[in-house]
Amino acid sequence: MDTQIEKSWKKVLDSELNSPYFKDLKSKIRAAYLGAENVFPPPEFLFNAFNLCSFDEVRVVILGQDPYHGRGQAHGLSFSVLDGIRVPPSLKNIYKEIESDIGTPVRDSGNLEAWAKQGVLLLNATLTVLEGKPGSHQGLGWEQFTDSVIKKISDEKESVVFLLWGKFAQAKEELIDESKHLVLKAPHPSPFSAHSGFFGCKHFNKTNEYLINSGQKPIVW
């Protein structure tokens, strides 16, 4: 597994990328990719969230848990799928909330690269998964790496919006300095929980209001 990661991230995460735990993680992931089972996303998409949204450009963080574990879905961005792939249920609910909140019509494509290129870091806590086995690469070391990413953003940047949907994401709140960032919490957009408070959370309008008030451009959701 080569760490093909954008240069500003490589600089800010240098101590992590050269740490013993990350070298061990790389070895485990390399072996997984060479093994008999399919690993998602494909290796060229592994650090897609970082390569499409540099550290310097991060203005919003949306935290997911695992990549999609179905064939052809995951491409390194939380909640996102490639063009031509059916929009997953959680993302459908995200689109519904965007339409309700700010009026943007529900889209046919589940590809969120346009968000990433505007400064939205679409970060999964675990960056790889085995086909058909959700959670299969949890506990290998990815969580330590992505926790450090969240902490670096909190420590070294100002006025970032963190969207924490569901209990898993909200457990990361302790890594964030809320005196200089905005943390917005809601239930997960999954069909199992969206009706318990994700719908109506108005996070997209609140995010843009905060960005504008802190002298930044709003996100075109």
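Scoring rules and cut-offs
- Residues numbered from 1 in each chain as written.
- Predicted model: local features only at pLDDT ≥ 70, side-chain atom pairs only at ≥ 80, totals over all residues.
- Heavy atoms only, no water.
- Core = buried A, V, L, I, M, F, W, Y, C linked by side-chain atoms within 4.5 Å.
- Buried < 20%, exposed > 50% of the residue type's maximum accessible area, 1.4 Å probe, protein only.
- Contact = heavy atoms within 4.5 Å.
- Helix = DSSP H or I, 4+ residues; strand = E, 2+ residues; numbered from the N terminus.
- Arc of directions from axis to C-beta.
- Axes fitted to C-alpha atoms, helices over the stretch in contact; angles between N-to-C directions.
- Parallel < 35°, antiparallel > 145°, perpendicular 65-115°, else oblique.
- Left-handed = near helix turned anticlockwise from the far one by under 90°.
- Nonpolar A, V, L, I, M, F, W, Y, C, P; charged D, E, K, R; others polar.
- 1 Å grid on protein atoms, 1.4 Å probe; cavity = no way out; pocket = protein on both sides within 12 Å on 5 of 7 lines; lining within 4 Å.
- Points joined across faces, edges and corners; volume = space filled by probe spheres on them.
- Pairing = 2+ DSSP bridges.
- Phe/Tyr/Trp six-rings, centres within 6.5 Å; stacked < 30°, edge-to-face > 60°.
- Lys NZ or Arg CZ within 6 Å of the ring centre and 35° of its normal.

Student: Can you walk me through the nonpolar core in this structure?
Tutor: The nonpolar side chains of a soluble globular protein tend to be buried, and buried together. Core analysis: the biggest nonpolar cluster contains 65 residues, and W9, F50, I62, W115, L121, F145 and I153 have the highest contact counts within it. For L121, the contacting residues outside a window of four places in its chain are W9, A49, F50, C53, V58, V60, V61, I62, V149 and I153.

Student: Looking at this model, I keep getting lost on helix α9 (residues 203-213). Mind explaining?
Tutor: Each turn of an α-helix holds 3.6 residues, which means side chains three or four residues apart point in the same direction. Residues of α9 that are buried include every one of H203, F204, T207, N208 and L211, and no others. Angular distribution of buried residues about the axis of α9 spans 130 degrees; they occupy a single face of the element. Turning to α9, the residues buried within the fold contact β2 (60-64), α5 (89-102), β5 (161-165) and β6 (182-186).

Student: I would appreciate a short explanation of the packing of helix α3 (residues 20-34) against helix α7 (residues 142-156) in the present structure.
Tutor: Each pair of packed helices gets described by two things: the angle between the helix axes and the distance between those axes. Interhelical geometry of α3 versus α7 gives an angle of 130 degrees and a closest axis separation of 9 Å. Compared by their axis directions, α3 and α7 come out oblique. As for the relative orientation of α3 and α7, their crossing is left-handed in sense. Contact residues: Y21, F22, L25 and I29 in α3; W142, Q144, F145 and S148 in α7. Grouping the constituent residues of the contact of α3 with α7 by class yields six nonpolar, two polar and no charged.

Student: Just to check I follow, could you spell out empty space enclosed by the protein for this structure?
Tutor: Any empty space left between atoms is shown by rolling a water-sized probe over those atoms. One pass over the structure, following the stated rule, counts one cavity of 30 Å³ or more. Lining the largest cavity we find V61, I62, L63, I150, F162, L163, L164 and I176. Looking at the lining of the largest cavity, the elements that each hand over two or more residues are β2 and β5.

Student: How do you make sense of the sheet that holds strand β3 (residues 120-124) when you look at a structure like this?
Tutor: Whenever strands of a sheet pair, they do so through backbone hydrogen bonds, lying parallel or antiparallel. If you walk across this open sheet you meet the four strands as β3-β2-β5-β6, and the pairing is parallel. Single-partner strands in this sheet number two, and they are β3 and β6. Averaged over neighbouring strand pairs, the angle between their axes works out to 20 degrees when direction is ignored. The pairing of β2 with β5 spans three bridges and is classified as parallel. Looking at β5, one finds that V61 is bridged to F162.

Student: What is the right way to look at the layout of surface pockets in this model?
Tutor: Roughly 510 Å³ of internal volume is contained in the largest pocket. Where the lining of the largest pocket is concerned, the elements lending two or more residues are β2, α5 and α8 (167-170). The element contributing the most residues to the lining of the largest pocket is α8, with three residues. Of the residues contributing to the lining of the largest pocket, the split by class is 13 nonpolar, 13 polar and two charged.

Student: Would you explain the pairing of β5 in this entry?
Tutor: Put simply, side chains in a regular strand alternate between the two faces of the sheet. Counting buried positions over the five residues of β5 gives five, a clear majority of the element. With five bridges connecting them, β5 and β6 associate as parallel partners. Paired with W165 across the bridge in β6 is A186.

Student: Explain the environment of L112 here, please?
Tutor: Following the sequence through the fold, L112 ends up in the loop between α5 and α6 (113-116). L112 sits in the buried class, given a relative accessible area of 0%.

Student: What's the story with the packing of aromatic side chains in this structure? I'm lost.
Tutor: Think of a pair of aromatic rings as described by two things: how far the centres are apart, and how the planes are tilted against each other in angle. In this structure the tally under the stated criterion is 16 aromatic pairs. Relative to W142, the ring of F22 has its centre 6.4 Å away and its plane inclined at 75 degrees; by these criteria the two rings are edge-to-face. Of this pair, F22 sits in helix α3 while W142 sits in helix α7, placing them 120 residues apart in sequence. Here F22 falls in the buried class, since its relative accessible area comes to 0%. For W142, a relative accessible area of 0% gives the class buried. Ring geometry for W115 versus W221: centroids 4.8 Å apart, planes at 90 degrees, classification edge-to-face. One end of the pair, W115, is in helix α6; the other, W221, is in the segment after α9, with 106 residues separating them in the sequence. One aromatic cluster is present, built from ring pairs that chain together W9, Y21, F22, F47, F50, F55, W142 and F145. The ring of F55 carries K157 above its face, with NZ or CZ at 5.2 Å from the centroid.

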